[in-house]
Amino acid sequence: MSETTIALVTGANKGIGYEIAAGLGALGWTVGVGARDAERRDAAVAKLRAAGADAFGVPLDVTDDASVAAAAELVEQRAGRLDVLVNNAGVTGGLPQEPTRVDPADVRTAVETNVIGVIRVTNAMLPLLRRSASPRIVNMSSTVGSLTRQSDPDAETGPISAAYSPSKTFLNAITVQYAKELRDTNILINAGCPGYCATDLNGFRGVRTPEQGAAIAIRLATLPDGGPTGGFFDDDGPIPW
């Protein structure tokens, strides 16, 4: 079993996920690049290795039970444990998103990836995380999932959203429940918001770079023992629920 810190990042072949993998790799960690698309996954791994990171590809579709089980087996064979899981893979759920116009199937798609996918991957990886001395789970959320901010008429909360934003609210709630269940363990689990980053998820309309967006995940992935758990953070600190 390697003594190097082992991390797995879902949706790591591009955008914020790739930058999270790059940032963790720069720390000297071994990083699993979880992604569905084989060509993009291989390209990301090659790019990370060229930059000096110890990266390996993990075929992973967070919406598929068999894929997630195979990913857990691959990580076990590779390292025997997992120290950090970053649940980054996500989708917007398509358009339109106004509650009166949204297609229920698009809501289901958002929840399947952004919430159920996180549960599926987390539960599959928990046996490996429990073997770590300092396990960390980071769920990539968004401030648009904050009910406090969404209910403030003077807050800037982005466009009306009946799929994406509620899926992040749901993810935040799940994060709290995991923290409650795992409070007597050494596993720290938190939600982090990368900010409005320019990625293909939003048509590159964001004002932050993916590298800037990755910073919160890297901070939460490297929390010291006894650090916060069950929290919701961005670069400026705690976010109201």
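Throughout, residues of each chain are indexed from 1 in the direction in which the sequence is written. Local features in a predicted model are, by the rule used here, given only for residues with pLDDT of at least 70; side-chain atom pairs are given and counted only at 80 or more, and totals for whole chains, interfaces and linings are based on all residues. Each side-chain value is worked out from all heavy atoms of the structure, with water and hydrogens disregarded.

- As annotated in an unreviewed UniProt entry, the protein carries the name SDR family oxidoreductase and comes from Actinomadura fibrosa.
- Per its UniProt entry, the protein bears the Sequence similarities (unreviewed entry) comment "Belongs to the short-chain dehydrogenases/reductases (SDR) family." UniProt positions are given in the numbering used here, feature names are shortened, and annotations may be inferred rather than shown by experiment.

## Let's talk about the environment of Gly94
Phase 1: You can see Gly94 is positioned in the loop between β4 (84-87) and α4 (104-129).
Phase 2: Gly94 sits 75 residues away from Thr169 along the chain, and the two C-alpha atoms are 17 Å apart. Under the scheme used here, helices are H or I runs from DSSP no shorter than 4 residues and strands are E runs no shorter than 2 residues, and both carry numbers assigned from the N terminus.

## What to know about the environment of Ala124
Phase 1: Mapped onto the elements, Ala124 comes out in helix α4.
Phase 2: Separated by 55 residues in sequence, Ala124 and Ala69 have C-alpha atoms that sit 6.4 Å apart.

## Quick look at the side chain of Arg136
Phase 1: Among the secondary structure elements, Arg136 is positioned in strand β5 (residues 136-140).
Phase 2: For the exposure calls, accessible area comes from a 1.4 Å probe over protein chains only, and a residue counts as buried if that area is under 20% of its type's maximum, exposed if over 50%, partly exposed in between. Note on Arg136: relative accessible area 2%, which makes it buried.
Phase 3: Pairs of N or O atoms are called polar contacts if they sit within 3.5 Å, as long as, within protein, a hydrogen donor faces a hydrogen acceptor (for residues adjacent in sequence, only side-chain-to-side-chain pairs). Looking at Arg136, its side chain comes within polar contact range of the side chain of Asp225, at 2.7 Å.
Phase 4: Residue contacts are defined here by distance: any two heavy atoms, one from each residue, within 4.5 Å place the two residues in contact. Excluding residues that lie within four positions of it along the chain, Arg136 makes contacts with Asp83, Val84, Leu85, Leu129, Asn186, Leu188, Leu220, Ala221, Leu223, Pro224 and Asp225.

## What to know about the pattern of salt bridges
Proximity of charged atoms lets side chains of opposite charge pair with each other.
Phase 1: By definition, a salt bridge exists where a carboxyl oxygen of Asp or Glu is found within 4 Å of a side-chain nitrogen of Lys or Arg. Taken as a whole and assessed by the stated rule, the structure comprises seven salt bridges.
Phase 2: Put simply, Asp65 and Arg120 hold a salt bridge, and the shortest N to O gap is 2.6 Å. Of the two residues, Asp65 is situated in helix α3 (residues 65-79) and Arg120 in helix α4; the sequence distance between them amounts to 55 residues.
Phase 3: Residue classification places Asp65 among the exposed residues on the basis of a relative accessible area of 55%.
Phase 4: Across the salt bridge formed by Asp83 and Arg81, the nearest N and O atoms sit 3.0 Å from each other. There is no split in this pair, since Asp83 and Arg81 are both buried.
Phase 5: Here the salt bridges do not stand alone but share partners, grouping Asp65, Glu112 and Arg120 into one network.

## A word on helix α6 (residues 164-181)
Phase 1: Here α6 contains 18 residues, and its C-alpha end-to-end distance of 26 Å stays within 8% of the 26 Å for a straight helix at 1.5 Å per residue.
Phase 2: Among all positions in α6, only Tyr164, Ser165, Ser167, Lys168, Leu171, Asn172, Ile174, Thr175, Tyr178 and Ala179 are buried.
Phase 3: Of the surrounding secondary structure, the elements contacted by the buried residues of α6 are α4, β5, α5 (147-150), β6 (188-192) and β7 (232-234). Multiply 1.5 Å by the residue count of a helix minus one, and that product is the helix's expected span.

## Some thoughts on the sheet that holds β6
Phase 1: Note on pairing: DSSP must find at least two bridges between two strands before they are called paired. An order of β3-β2-β1-β4-β5-β6-β7-β8 is seen for the eight strands of this open sheet, with the pairing classed as mixed. Either end of the sheet is taken by a strand with one partner, and the two such strands are β3 (54-59) and β8 (237-238).
Phase 2: Examined bridge by bridge, β4 and β5 share four bridges and lie parallel to one another. Among the inter-strand pairings, Leu85 is bridged to a residue of β5, identified as Ile137.
Phase 3: What counts as an axis is a line fitted to C-alpha atoms, over the stretch in contact for a helix, and the angles between N-to-C directions run from 0 to 180 degrees. With respect to the sheet, α3 is in contact with β1 (6-10), β2 (30-35) and β3, its orientation differing from that of β3 by roughly 150 degrees.

## Some thoughts on the nonpolar core
Phase 1: With 30 residues, the main nonpolar core has Leu82, Leu85 and Met125 as its most contacted residues.
Phase 2: Examining the composition of this core, we find that eight residues originate from one element, α4, more than from any other.
Phase 3: Setting aside anything within four residues of it in sequence, one finds Leu82 in contact with Ile6, Ala7, Leu8, Val75, Met125, Leu128, Leu129 and Ser132.
Phase 4: Here, the term nonpolar core denotes a set of buried Ala, Val, Leu, Ile, Met, Phe, Trp, Tyr and Cys residues that are joined through side-chain atoms within 4.5 Å. Judged by nonpolar contacts, the second largest core, of 28 residues, contains Ala44, Ala55, Ala217 and Ala221.

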